[in-house]
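Chain and residue survey
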There are 2 protein chains.
Amino acid sequence: WLINVSIGSLLYREWARYGVFYKFQPIDLIRKYFGEKIGLYFAWLGLYTEFLIPSSVVGIVVFLYGCITIESDIPSKEMCDQRNAFTMCPLCDKFCDYWNLSSACATARASHLFDNPATVFFSIFMALWATMFLEQWKRLQMRLSYFWDLTGMEEEEDDQEKLTCSDRMPGYAANFGLILFMIMLTFSAVFGVIVYRITTAAALSFSTNETTKSNVRVTVTATAVIINLVVILVLDEIYGAVAKWLTEIEVPKPEKTFEERLVLKAFLLKFVNSYDNCPLDIDMHCAPGGCLMELCIQLSIIMLGKQLIQNNLFEIGIPKLKKFFRKLKDERTKPKEMDTNQSKDHQQWDLDYILEPFTGLTPEYMEMIIQFGFVTLFVASFPLAPLFALLNNIIEVRLDAKKFVTELRRPDIVRAKDIGIWYNILSGIGKLSVIINAFVIAVTSDFIPRLMYRYAYSQNGTMHGFINHTLSYFNVSHLKDGTQPENSPFAQDVLFCRFKDYREPPWSPNQYEFSKQYWAVLSARLAFVILFQNLVMFLSVLVDWMIPDIPKDISEQIKKEKSLLVDFFLKEEHEKLKLIENFITRDKQEHKSGTKGERFRAASFCQFNRSQKGSFASFSSQHTEV
Amino acid sequence: WLINVSIGSLLYREWARYGVFYKFQPIDLIRKYFGEKIGLYFAWLGLYTEFLIPSSVVGIVVFLYGCITIESDIPSKEMCDQRNAFTMCPLCDKFCDYWNLSSACATARASHLFDNPATVFFSIFMALWATMFLEQWKRLQMRLSYFWDLTGMEEEEDDQEKLTCSDRMPGYAANFGLILFMIMLTFSAVFGVIVYRITTAAALSFSTNETTKSNVRVTVTATAVIINLVVILVLDEIYGAVAKWLTEIEVPKPEKTFEERLVLKAFLLKFVNSYDNCPLDIDMHCAPGGCLMELCIQLSIIMLGKQLIQNNLFEIGIPKLKKFFRKLKDERTKPKEMDTNQSKDHQQWDLDYILEPFTGLTPEYMEMIIQFGFVTLFVASFPLAPLFALLNNIIEVRLDAKKFVTELRRPDIVRAKDIGIWYNILSGIGKLSVIINAFVIAVTSDFIPRLMYRYAYSQNGTMHGFINHTLSYFNVSHLKDGTQPENSPFAQDVLFCRFKDYREPPWSPNQYEFSKQYWAVLSARLAFVILFQNLVMFLSVLVDWMIPDIPKDISEQIKKEKSLLVDFFLKEEHEKLKLIENFITRDKQEHKSGTKGERFRAASFCQFNRSQKGSFASFSSQHTEV
C-alpha cells in the first residue's frame, strides 16, 4: 500500500503536471499503478499525440502555401477586381438586392487559404498517415503485450469477440429504430439551424450598412455554427445516456461485451452528431469562393468549441463540482459519524472517499476518436485540424493524468490485451476517411473545375476568365412576381444577373437546364473520386505490407527465448536423471533442498516461459497459489 | 520405405484416378507421403474447387435468366425489327458498304445473354464469394496447421517475409525495366492482332455473300482471339524463363525468398499476358449489342484454350514425352552399366530414375491463380467462367495427383506453414476484381445507358426507342473524298447514316461534338463505379468481420489443452516430490524404470504440448534425437 502511495506521488511529480508536457509518459509506472487497461490507453494517447506532430507540421506548410500563393491566384484576383463587375442575382426573394461579386472578395481570398492544390496532396498524406499510425500502434501494442506478459490472454479475447460478433446482430436489430430516430432528431436540429441561417441571411442583407452586407455570409455561418455547437454538446450528453440505456435493456451479457456494445452505440450516435452538419452545408448554395471555406469555418469552430468546452470545462469543471458537493454533504453528515471509532490510518481512505469513482475509459476514448475523425475525415477542408488536435492533446494527456491521479478514486486494476473495439473503430474511420476526402475535394472544392477550365475551356491555358466561366446568366424578367428585389437602387438597368452554376443561358432553346459543362465537370469530379480512392487504397495496402506487424527485435527475442527454453528442457531432463542417480549418496535433507531448488527453478522457468509464449499465463497464476 | 510404397499405391487407388473424382481428397495421407507443402496445395485446390460449385450454379442461373428474358428484351427486338431500318455507317473506309442494323440482330440477341441486369448482381456475388473463399481458406489453413503441428514455424516464416519485404524493393527496381519491356512486347503483339482484325473485317465485308457479311464481327473476333491465344501460350513459356533468369541474376538469397521473388515476377508477367487483350478491346468500336459480347467470346476462348491446351496437353504430354526420351537414352546407355552389380532391390530406384524430377509447385499455383483471376476479374462479362473452371479443376485435381504419384520422382518432403505469397496474390486479385468488375459493367455493358434512358430520356418510361437514342447521325456528305463506300448499291439515296455514340447531330451548331447525353451517361457510369466499389468493399469487410479466422472448435480445443497442460505441470511437480520421497524404499532398478516412465511421460507431454501451442516444435525434434 505504501509503495502504491509512493508510486502515486512519483506519477504526480513526473507525469500528472502540465510542467512536464514535453516529457515521455512513464507507461510502465502507469501500468503498475492503474493496470494494463489504463496503461494501454495512455500509451495509445501518447503515440497518437506523437503522430500528430508531423501531420500538424505538414498542415501548417499547406496553410502557408495557401497564404503565399494567394496573391498569384488569378480567380480570386478576378473576383476582387472592381472593373469586371459581375452583377449577382439576389440571395433571397424580395428583400435581397442584386450584389456585386467583388463585395465577396474577402471570402474568396480567405477561401483560397484552404482550397488550393496543396490540400489534395495533404489529404492523400493524411490518409497514409492514418494507415501508418494504425500500423505503428499494432507494433507498439505487440511490444507492450510482450513486455507486460499479456500474450497469454489471446484465446479468451478472441472467444469474447466472436461471441459479440454473433450476438450483437439481434441487439442492433432491436434498437436500430431508436438509433435511427436519434439520428433523425439530430438532422432535424441541424435543419432548424439551416432555416435560421437563411432567414438571418435575409434579415441581415436587409440592412443598409454596406460592410455588414458584404460579410453577411461569414457572420451567418459563424453564428449558425455556434448554435450548432450548442446543439451538438447538448445532444452528446443525451446520446451518451440513451446509448447506455439501450444497451442495458438488452439481454444481460459479460462486462466486456456490454461495454463493447455500449461503445459502438454511443459512438454511432455521437459520430453522426458531430459530423452531420458538414455534408448538409455542402448542398447549400455556396459563396463563389467555394463551399470549402464555409465547411472549414464550421469545422474549426465546432472542433475548437467541442474540445475547449467539452474537454476542459466538462472534464475539469464537473468533477471538481461533484467533489465539492460531495465534501459539502460529508461536512453535514460528519457529526453523526464522529462518535464511530476512527484511527489515523483510515485518513487516506476518507480522502479517497471524497474522490469521484472511476467510470471507465469509454468517454476518454470516445473523445479522442471523434477528434481523430475530425483530423482524418475533413482534413481536406481544414488543414490546421492536426495542429489544433495536437495542442489539445498536449493538454489532454496531462489533464487525464491529473484526473486519474488526483480527482478519481484509484480504479481497480483491469488486465487488457489490447484497446479492443476501439482499434476497429479507428481503422473503420481510416477507411471511411479516404472516400470522404475524395468527395470533399471533388464536390466542395473548386479544384476540379479549375483543372477542367485550364485544360479544356480556357483559350490560352491560363486561369483568366475562370470566374466568368463558372457563372451562369439569369434573365431578370424571368423572376416570378413578388420575388423581385424591392427598393433596389439599380433594378431598372439590370437585364441579366449571374449565379454560380453551369446552366444553359436564357437565350438557349432549353434555358436554365444543366449545360454540357455541368455534366463534363461532374464526370471529371467522379473520375477524380475513383482515381483518388484507388490510389490512396493502393498506397495504404503498400504501407501496410511494408511495415511488419511484429517489431524485428521482439520477434528475435521470442526466437532466442524459445531456444533457451529448449536448452532448459534438456537440462531439466538430465538433472532429473542425475538427481535420482546420486540420491543414495545424499541424505534426505539435502534431497529436499535440492528438490526445492529444482522446484524454484521450475517455477521461475514457468514465469519466463509465460513471458516467452504466454501459453502458461493461466498456469503460472494457479501455480503461485500452490 | 515399404510403408511409403503401400501409401503410394493406396494414394493411387483412392486419389490419383479420374474414377474417384467425386470423392474428397485424403489430405492427411497426401501430407504423409509428399510433405506439408504439397499437402497444403491439394487442400487449397480442393477447397477452391468446392467453392466453385455454388458460384457455377449461380452463373448458370444468371445465364438462363438471360436466355429466358431474351424474348422480352425490347432493345434487341427493336434491333432485329426489319421495319425500323437504321442505315449504319460503313465500318471501314472505301470497301465497307452501308449496312442495316437488323443484320447484326443475331449478335444483339446473343449479347443479351451476357449483358443483362443479372450480371450486375452476379459480379457483386462473386466479389463476396472471393472474400468468403479467402476467409474459409484461412480457417482451413488454421485447422491443418493445428492438426499438422505447424504453428511452431510462425516466427521463422514472419522473419523470412520481413526479409523479402525489405530486400525485394531493390531487386524490383533493378529489373523493373525489363518486365516493363516484356509487357510492352505483349501489348504490341495484341496490337498486331487488332490490326489483323480490322483488316480482315474490311476484307470479309468486301465479300458479296450476305451471311458472311452479317456475322463478320463474330468470325473476326473468333479468329483473332485464337491467334491471341497462341501468342499468349508462346509468351507464357518465354516469360516463365525470363522471370527465372531475372531472379537468378539478382543477389543470391535463401531458397524461399528466391522462390517468392520468382513467383511474383512470373505472375506479374503471365498475368498481364493473360488479360491484356481484354481492356484493349473495350476501346475498340463495338457492335450495337455492346462490347460485353465480344469480351465474352474472347475470354471464353482464351480460358478454355489456355486450360485445355496448357493444362492437359502440356501437363500430360510434355512429361510423357520427356519420360519417353529418357527411357530411350537409358536403353542406349544400359549395356555399359550392365556389368556393374545390380541387385533386385535397386530395381525400384531404377524405376524412379526414369521418372521426371519434381520442379516445384509454382506452375501449378500459377495456373490455378490465373484461372481464379478469370473467374473473379471478368465474371461480369462471362457468367459461365466458374462452370468452366469447375469442370477443369475436377480433372485438374486428379491430373496433378496422377502426375505426382506416377509421373514424377517422389519430391523430398518440405515443411510449410501456409501457401505463402500465393495468399497475398489471391487477396490482391480479390481486391482488384472489385474495381475491374465495376468498370466492366459501367463501361462495356449497356446497363447504365439503359437505366439512364428508362428513367431520364424515355417519354413513357419504357425501353422503346432506346436503340434510336443511342445512335448518332452522320451526314454522308461529310465523308472525306476517297473514304466513301465504292460500288454501294444504295449510296445515292442515303443522306444520313447512323453510328453508335452520343454525338451532336450534323445540323447542330457544334456538330459531331460529344453531346450532353454523352457526358450525362459518362457521369452515371462513373457514379455507378463509385457506388459499386464502395458497396462491395463494405460488404466484404462485413463478411471478413463476421467469419472468425480461427474455427471455434480449434480455439476451444487449444483452450482445453492449455488447462490440461496446467494440470500436467502440477501433477509432475507432485510426482517428482513423491518419487523422491519413496525412493529409499525401492531398489535402483525400480528407480530406473520409474524414471523411464517419467521420461516417457515427459516426452509424450512435449509432443502433446507441441501440438498445443507449437512453441516446442523445434525442441521436441531435438528431444527425439537425445
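Residues numbered from 1 in each chain as written. Chains lettered and ligands numbered in written order. Predicted model: local features only at pLDDT ≥ 70, side-chain atom pairs only at ≥ 80, totals over all residues. Heavy atoms only, no water.

Considerations on the UniProt feature "transmembrane region" (unreviewed entry) in chain A
Residue and element names in this part refer to chain A. The positions UniProt marks with the feature "transmembrane region" (unreviewed entry) are residues 41–65, 118–134, 172–196, 216–235, 372–395, 421–444 and 526–547. Counting secondary structure, residues 41–65 comes out at 100% helix and 0% strand; the distance between its end C-alpha atoms is 36 Å. Taken end to end, residues 372–395 has its terminal C-alpha atoms 16 Å apart, with 71% of it in helix and 0% in strand. (UniProt positions renumbered as here; feature names shortened; annotations may be inferred. Helix = DSSP H or I, 4+ residues; strand = E, 2+ residues; numbered from the N terminus.)

Some details on the pattern of salt bridges
With the rule as written, the count across this model stands at 11 salt bridges over all chains. Among the charged side chains, a network of salt bridges with common partners joins A:E504, A:E513 and B:K516. (Salt bridge = Lys/Arg side-chain N within 4 Å of Asp/Glu carboxyl O.)

Comments concerning the packing of aromatic side chains
Residue and element names in this part refer to chain B. Tallied over the entire structure, the rule returns 55 aromatic pairs over all chains. Measuring from ring centre to ring centre gives 5.6 Å for Y48 and F133, while their planes differ by 50°; the resulting arrangement is tilted. Pair noted here: Y48 is in helix α3 (residues 36–69) and F133 is in helix α6 (residues 117–147), with a separation of 85 residues, a long-range link. A relative accessible area of 0% places Y48 in the buried class. (Phe/Tyr/Trp six-rings, centres within 6.5 Å; stacked < 30°, edge-to-face > 60°. Buried < 20%, exposed > 50% of the residue type's maximum accessible area, 1.4 Å probe, protein only.)

Observations concerning α3(B)
In an α-helix there are 3.6 residues to a turn, and that puts residues three or four apart on one side. Across its 34 residues, α3(B) extends 49 Å between first and last C-alpha, which sits within 8% of the 50 Å expected from 1.5 Å per residue. When the local axis directions of α3(B) are compared, the greatest deviation, roughly 25°, occurs at B:I53, which is followed within four positions by the proline B:P54. (Expected span 1.5 Å × (residues − 1). Bend = angle between axes of the 7 residues up to and from the residue.)

Regarding the side chain of B:E135
All names here are of chain B. Topologically, E135 is positioned in helix α6. The class of E135 is buried, set by a relative accessible area of 2%. Separated by 2.8 Å, the side chains of E135 and K138 make a polar contact. Apart from residues lying up to four places away in sequence, E135 is in contact with D544, I547 and D549. (Polar contact = N/O pair within 3.5 Å; in protein donor to acceptor, adjacent residues only side chain to side chain. Contact = heavy atoms within 4.5 Å.)

So, the environment of B:T362
Residues and elements named next belong to chain B. Mapped onto the secondary structure, T362 falls in helix α14 (residues 362–377). Taking relative accessible area as the criterion, T362 reaches 12% and is therefore assigned buried. Sequence-wise, T362 and W422 are 60 residues apart; in three dimensions their C-alpha atoms are separated by 9.4 Å.

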